[in-house]
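Breakdown of the fold
Listed here are the chains, written in short residue letters.
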Amino acid sequence: MGYLRGFAVTAKKIFEGVTTKQYEGGKGGKTDQKAPKPERLHGRHVLNKYEDGMEKCIGCELCAGVCPANCIYVRGAENPPSDPKSPGERFGYVYEINYLRCIHCDMCVEACPTEAITETKLFEFSFSNRSDAIYTKDELLVDDDGRPQQLPWEDWRDGEDQHTSGWMRATAPSGKASAQGTVAWSGELGYGVRAPEAAQNVRTPIDAAIEAVAVDTAKAEEKG
Amino acid sequence: MTTAEPTEAVTGVPFTLNGTELVAEEGELLIDACDRNGVHIPRFCYHNRMKPVGMCRMCLVEVDTGRGKALQPSCMLPVTPEMKVETESEATKKAQDGVLELLLANHPLDCPVCDKGGECPLQDNAYAFGPGETRFVEEKRHFKKPIPISDLVKLDRERCILCDRCTRFASDVAGDPLIHFIDRGSQTQVNTFPDHPFSSYFSGNTVQICPVGALTAEPYRFKARPWDLEAVESTATVDSTGARVVLQSSQNEIVRVLGVDSDAVNWSWLSDKERFSYEATAKGDRIEQPLVKNEETGMLEATRWNNAAKKVGAALRVEPDRIAAVGGARMPLEGQYAWAKLLKGVVGTDHVDAQLDDGLPGPLVLGLPRATINDACKPGGVVVTIGADLKEELPTLFLRLRHAVVEDGVKLIELTSTATHLSDFATVRFDVTPGSVGQFATAIAKQAGADLDFDVADESGLVEAQADKVAAAAALLDGSVPVTIIVGRGNLAESPRFTSDAVGIFRRLNDDFQFMPALRRGNINGALEMGLVPGFTPGGVQRESAQLDTWPDVPDFDGMDTKEIFRAAAEGRIDTLLLLAANPLQDFLDEDLVRRALANVKTVIAVDGISTETTDLADVVLPAALFGEVDGTFVNLEGRLSPLRAKVTPPSQARPDWMIPAELAIVLGVELGFTTIDELHSELSEVLPSFADIDWDTLGSSDDGPVLKLNRSWNIEFGKPAAAPPATSAFRLVATRKLWDQGTMVQESPSLASLPSEAAIHLNPDDIERHGFVGDSVTVRIGDQTHTIPLTSDVRVNPTTASIPVCLPGFDARTLITGRSTTAVEIRPNGTT
Ligand code: SF4
Ligand code: SF4
Ligand code: SF4
Ligand code: FES
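Throughout, a residue's number is its position along its own chain's written sequence, starting from 1. Throughout, the order in which chains and ligands are written sets their labels, letters from A for the former and numbers from 1 for the latter. In keeping with the predicted nature of the model, local features appear solely for residues at pLDDT of at least 70, side-chain atom pairs appear and are counted solely at 80 or more, and the whole-chain, interface and lining totals rest on all residues.

**A word on the overall build of chain A**
- Strands are runs of DSSP state E lasting at least two residues, helices are runs of H or I lasting at least four, and both sets are numbered from the N terminus onward. A count of helices and strands for chain A gives six helices and five strands.
- From first element to last, N terminus to C terminus, chain A shows the α and β order α-β-α-β-β-α-β-α-β-α-α.
- Backbone-placed C-beta atoms define the burial measure: a residue is buried with 20 or more other C-beta atoms within 10 Å of its own, exposed with 12 or fewer, and partly exposed in between. A burial count over chain A gives 23% of its 224 residues as buried.
- Once C-beta atoms are placed from the backbone, any two residues with those atoms within 7 Å are in contact. For chain A, the share of sequence-separated contacts (at least 6 apart) that also reach a separation of at least 24 residues comes to 60%.

**What about the overall build of chain B?**
- Counting its secondary structure elements, chain B contains 25 helices and 35 strands.
- Here the radius of gyration uses the C-alpha set of atoms, whereas the globule reference equals 2.2 Å times the residue count to the power 0.38. Taken over C-alpha atoms, the radius of gyration comes to 28 Å for chain B, in line with the 28 Å a tight globule of 833 residues would show.
- For chain B, the C-alpha atoms occupy an extent of roughly 85 × 65 × 55 Å along the three principal directions.
- Here chain B holds 833 residues, and the buried ones make up 55% of them.
- In chain B, of all internal contacts separated by at least 6 residues, the share reaching a separation of at least 24 is 73%.

**Concerning the pairing of strand S22 (residues 514-518) of chain B**
All names here are of chain B.
- Extensive coverage of S22 is indicated by the burial of four of its five residues.
- Criterion used throughout: strands pair if DSSP finds at least two bridges between them. Examined bridge by bridge, strand S21 (residues 483-488) and S22 share five bridges and lie parallel to one another. Following the sheet pairing, Ile486 is matched in S22 by Met516.
- Whether a crossover is right-handed comes down to one check: with the strands pointing away from the viewer, does the path from the first strand over the helix to the second run clockwise; if it does, it is right-handed. Of the crossover connections in this fold, the one passing from S21 over helix H17 (residues 497-509) to the parallel S22 is right-handed.

**What about the site of ligand 3?**
- For each residue, a C-beta atom is positioned from the backbone; the residue is called near a molecule or strand if that atom sits within 6 Å of it. The local shell around ligand 3 holds 13 residues, among which B:Cys160, B:Cys163, B:Cys166, B:Cys210 and B:Ala214 are the closest.
- Polar here means any residue outside two lists: the nonpolar Ala, Val, Leu, Ile, Met, Phe, Trp, Tyr, Cys and Pro, and the charged Asp, Glu, Lys and Arg; Gly therefore counts as polar. Along the lines of polarity and charge, the residues of the shell around ligand 3 split into eleven nonpolar, no polar and two charged.

**Some remarks on the site of ligand 2**
- Close to ligand 2 lie 13 residues, the nearest being B:Asp110, B:Cys111, B:Cys114, B:Cys120 and B:Val212.
- Its residues assigned to classes, the shell around ligand 2 comprises six nonpolar, four polar and three charged.

**Remarks on the domain arrangement of chain B**
- Partitioning chain B into domains gives domain 1 (13-102), domain 2 (142-283), domain 3 (291-359 + 524-624 + 658-694), domain 4 (364-518) and domain 5 (731-829).
- Domains are outlined according to an automatic or database domain assignment. Spacing between the C-alpha centres of domain 2 of chain B and domain 3 of chain B amounts to 38 Å.

**Some remarks on the packing of helix H14 (residues 437-447) of chain B against H17(B)**
Residue and element names in this part refer to chain B.
- At a closest axis distance of 7 Å, the pairing of H14 and H17 adopts a crossing angle of 15°. The pairing of H14 with H17 is recorded here as roughly parallel in orientation. The way H14 lies across H17 gives a crossing that is left-handed. Within the contact between the two elements, H14 uses Val437, Gly438, Ala441, Thr442 and Ala445 and H17 uses Phe498, Thr499, Asp501, Ala502, Ile505, Phe506, Arg508 and Leu509.
- The class makeup of the residues in the contact of H14 with H17 is eight nonpolar, three polar and two charged. In this analysis an axis means a line fitted to C-alpha atoms, helices contributing only their contacting stretch, and an angle means the value between N-to-C directions, from 0 to 180 degrees. Angular relationships are summarised with four words: roughly parallel below 35 degrees, roughly antiparallel beyond 145, roughly perpendicular across 65 to 115, and oblique for the angles in between. Handedness of a crossing follows from how the near helix is turned relative to the far one, being left-handed for an anticlockwise turn of less than a right angle and right-handed for a clockwise one.

**Re the interface of chain B and chain A**
- Counting residues at the interface gives nine residues for chain B and 14 residues for chain A.
- For the side of chain B that touches chain A, the residue count by class is five nonpolar, no polar and four charged.

**Some details on unusual backbone geometry**
- Here the amide bond leading from B:Lys145 into B:Pro146 is cis, since omega sits at -15°, within 30 degrees of zero.
- Assignment of secondary structure puts B:Pro146 in the loop between helix H3 (121-129) and strand S6 (147-148).
- Look at A:Glu115: it is not a glycine, yet its phi comes out positive at around 60°.
- Note that A:Glu115 resides in the loop between helix H3 (107-111) and strand S4 (117-119).
- Phi at B:Phe222 takes a positive value of approximately 60°, unusual for a residue other than glycine.

**A short note on the environment of B:Val265**
- Along the chain, B:Val265 turns up in the loop between strand S13 (253-259) and helix H6 (272-276).
- What B:Val265 contacts, discounting residues up to four positions off in sequence, is B:Thr241, B:Gly242, B:Ala243, B:Arg244, B:Ile373, B:Asn636 and B:Asp704.

**Digging into the sheet that holds strand S15 (residues 300-302) of chain B**
All names here are of chain B.
- Spatially, the seven strands line up as an open sheet ordered S15-S14-S27-S26-S25-S16-S17, and their pairing is mixed. Each end of this open sheet is capped by a strand with a single partner; those strands are S15 and strand S17 (352-353).
- Pairing analysis gives three bridges linking strand S14 (residues 291-293) to S15, with the strands arranged antiparallel. Within S15, the residue paired with Leu291 across the bridge is Ala302.

Quick look at the structure:
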């Protein structure tokens, strides 16, 4: 009979009403404000660089290998010794993400051994043809300041190009839960050093703070 | 306690494995006995085709031989009676853990950039048997990485776990001890000797067997990751050994070829040509569309298939006697059969020859009783080699034979034109000068008791001078042990007549001697079997006795061989010349004759996958699919059938070879009788008794492939051998082949193209001294022409002969070859005439 409880959830939701949040004023409108996004929202990707301008991607294809939607295509190649693109022997010379398929699960970000691929908070982008939907390496690479490129069909707002390369592993590299709570954020271009995240099964002051923010937001919404 | 069914002989060695009583074979290594019984012991250095060394200690297991338990390396330990083995015990696990922790202590964390990542035994073993967390926080050892150790292989010393596999392979298997361990302690590293790169024909095998990513091959470096790869089993087609391979592709491009451990053929080894020449199909100058020559401009222009086919059809509607075809050794068996049926069965011409006058007479090859490689390599036997250095022509067969001679005590008698890479191990090696091999054979056979009605005709006294060797060889060939005679064409400047003579004499000495044709072109044995040779129809049947129900016709005249075809063409006696994947301008010995022939033929039709200097001169070019792009069958030098499988799609309009004649037949108003490859197979099984029992679907999937049973209903007549040429003051020329040459497959593979060395004339150091040649070149006179040719001193060259490889960059050695039965050249110090 357990399924009845499932249906009950559905039934309840039917009568709860919908919460579609409009951008204030609409795009190009008077105020035109995006709603605040959660800290860890997964948006369109960027390929990061080191401070010296070297690409972080080494073309290892781990992101492509782990991608459940098969939307990443990577080819590695030997770094030309006279003009290396990345530190070490190998660099990613083809890098493509097909946004018609990407489900923004962030698995690629977790798989990446060099923190090369991360996700921004931008999800406001759409395209009218297939080839625009396939982002190439040129489009995904950050510029020399570590800022994502802003493509014509993307709706970037001030400050949104911050917070693009901060990332965190869901688990410690060893896969052991006991190693959670150690520093896992990367300190780099476009972001800052972060306090360690807590283990997922432990409630910490940060969790409390996040919840408080959520409650505040909900209240603000109720007020309209 | 259960008693498992022993998988092998019951009269073995009883032992206990993890509490189960089992039986091992006599002398079997513990690690093998465990494998055979389904218990996997982790390992790095052990390789079942090489001698164990016990370098890595990964295979430690707890063994009790009655004196208490102890950890012992299972790869070094033959099973002894009542041995008790624990592969899962605490002590074993602790040992595995410890070995891996120490191996990883100095191992770089390169996995994401390492080509081995994803298929790495070190990764796998670390996951399955390792500690999981590292305790090593110190700085690791560093080397400059990677360093090229040859043109094809790069070495990353940081990743090397010192397992000794590559070095053992190089010295023990390949006989090229060019890499070795140097330095001590944590600085121990594999390296080459100063100024001696690891330029072995077999270097790719070290990359395949390296258990880590320390050795990488240039053509595959960073091309793909293991999880991208799709694979299919196939057969290498670059030479007639027919080594079994797996083709791996990524994004519809073949990116890697690995050797498969076929017990009957290549034992997992490949030559670098077999391993890397796949590049030619992906990167070569492919013909993608049918091309037809524009009458006005004289240029080849792309056209549609039906236009090109119509044009070919018209050219095939002349007198059969005025149509000839050359080539076909590159194709799968199916293409060869379809072409044979079109040319001989529909068009009705017998002027068809798959060899470019660089092999042995077709009837000889077809008529000899065949040995398999395992027959030849069986311990206790005797092998006679007549012809070339197998290392240059059939390198994978060379590895098998080398193992047999060096490790298994097979006795070798060499009647080769120059010393070979096996000569050091030969029991008897003759100094054979061009034209004398038949006389040596006569002397040996007479001594061994053959009833011959002629004497040794040896004016020069060469045979007489080696009488003790003759006696030694005769003693080995007395019929008490199995004998395999490997016959090839070791000297392109000598008529194959002499080789046939020698073969004939050995045939008369003992009927039980078996033979192996060492022809080098890919599927040449398939081509001969399918009747792409004058005078024969498929199945090795002579033209007059052909019984082919499904064939509309058979030729009513005996055809010409390639040399005669080109002569006839040059004289305007041929209207239509088909070149089936042949590049005679490069490969035929008389380039000038080919040019005249091509100029005097009305329609030259080239069927090929890669554009060559010959296809450029054709009137119609039909694009064919190549290795890895089509399914089919390969016949190797044993007569063994093995599958060729498609992994990638042919470019644009290129078609499988068998479809092309089928299509042309329709233009001629005939049906060849098959529209699929399965129908073609049924027809083969139906009309050819040797193919009657072939199960085409499972070909090569479960075993090493069936060997064709060759029942020839006719006999070759062998007569008196041609007399050896008299001694002269001139040098007799030996024109040889090198593995790396100017041939299409090598030149169209970017990684291989630069490997051929410059042509040079090789002379024995004694001759160089006696004639006072100084400097690095000599003047060579042939007829009224003189050439200045680089000189190399080479102990492998027999005295009074001069050896020069053909088809190399620099001097074109073909210009020295006269086409007489042997060629004599005068050599003078440079600067004199
Ligand atoms: S983005 Fe990261 S995981 Fe993906 S190929 Fe580049 S380095 Fe590898
Ligand atoms: S050899 Fe294996 S363990 Fe070592 S870096 Fe390469 S993939 Fe990783
Ligand atoms: S290079 Fe590879 S095969 Fe050679 S010793 Fe090192 S690990 Fe072994
Ligand atoms: S596999 Fe036995 S010691 Fe290496």
